[in-house]
Amino acid sequence: MAEFMDVHRGMKGITSDQLRESHRADLAIEAEEQVHFKQAWADPESGVVYCLSEAPSAEAVRRIHQRAGHPADEIHPVPLTA
């Protein structure tokens, strides 16, 4: 399974409760695409949210985020970690 980092823009002012709610929406349906969302981070000032996931493809990540109501603006493979 590959890892992906995706980016959501335009979420200025997001709260920790809203971030948790969005993450839970992904977790509720992730198994349908064999995706696992591992972590989410947000910068309320800039409105940027990052999500780390394991998935069979970037398209699987894209479909889950779309269905959960917060489409990703970018999805990047993460082939190396330390």
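This text gives an overview of the structure that appears in the document.

Criteria and cut-off values
- Residues numbered from 1 in each chain as written.
- Predicted model: local features only at pLDDT ≥ 70, side-chain atom pairs only at ≥ 80, totals over all residues.
- Heavy atoms only, no water.
- Core = buried A, V, L, I, M, F, W, Y, C linked by side-chain atoms within 4.5 Å.
- Buried < 20%, exposed > 50% of the residue type's maximum accessible area, 1.4 Å probe, protein only.
- Helix = DSSP H or I, 4+ residues; strand = E, 2+ residues; numbered from the N terminus.
- Contact = heavy atoms within 4.5 Å.
- Pairing = 2+ DSSP bridges.
- Axes fitted to C-alpha atoms, helices over the stretch in contact; angles between N-to-C directions.

**Overview of the nonpolar core**
Across soluble globular proteins, you tend to see nonpolar side chains buried next to one another. Ranked by internal contacts, the top residues of the largest apolar core, which has 15 residues, are V35, F37 and V61. Breaking this core down by element, the ones donating at least two residues are helix 1 (16-29), strand 2 (36-43), strand 3 (48-55) and helix 2 (58-68). The contacts of V61, once residues within four sequence positions are left out, are F4, D6, V35, F37, S53, A55 and I75.

**Considerations on the sheet that holds strand 2**
The four strands are arranged 2-3-1-4 in an open sheet whose pairing can be described as antiparallel. At either margin of the open sheet sits one strand with a lone partner, and together these are strand 2 and strand 4 (74-77). Each adjacent strand pair in this sheet contributes to an overall mean axis angle of 20 degrees, direction not counted. For strand 1 (residues 2-8) and strand 3, the ladder comprises seven bridges, and the chain directions are antiparallel. Bridging from a neighbouring strand, E3 pairs with E54 of strand 3. Along the sheet, helix 1 contacts strand 2 and strand 3; its crossing angle with strand 2, the most-contacted strand, is approximately 160 degrees. On the sheet, helix 2 packs against strand 1, strand 2, strand 3 and strand 4 and is oriented at approximately 45 degrees with respect to strand 1.

**Remarks on unusual backbone geometry**
Generally, phi is negative for residues other than glycine and the peptide bonds are trans, each holding for most cases. Phi is positive for Q34, which is not a glycine, with a value near 55 degrees. Position of Q34 relative to the elements: it lies in the loop between helix 1 and strand 2.

Any functional reading would require information beyond the geometric quantities listed.
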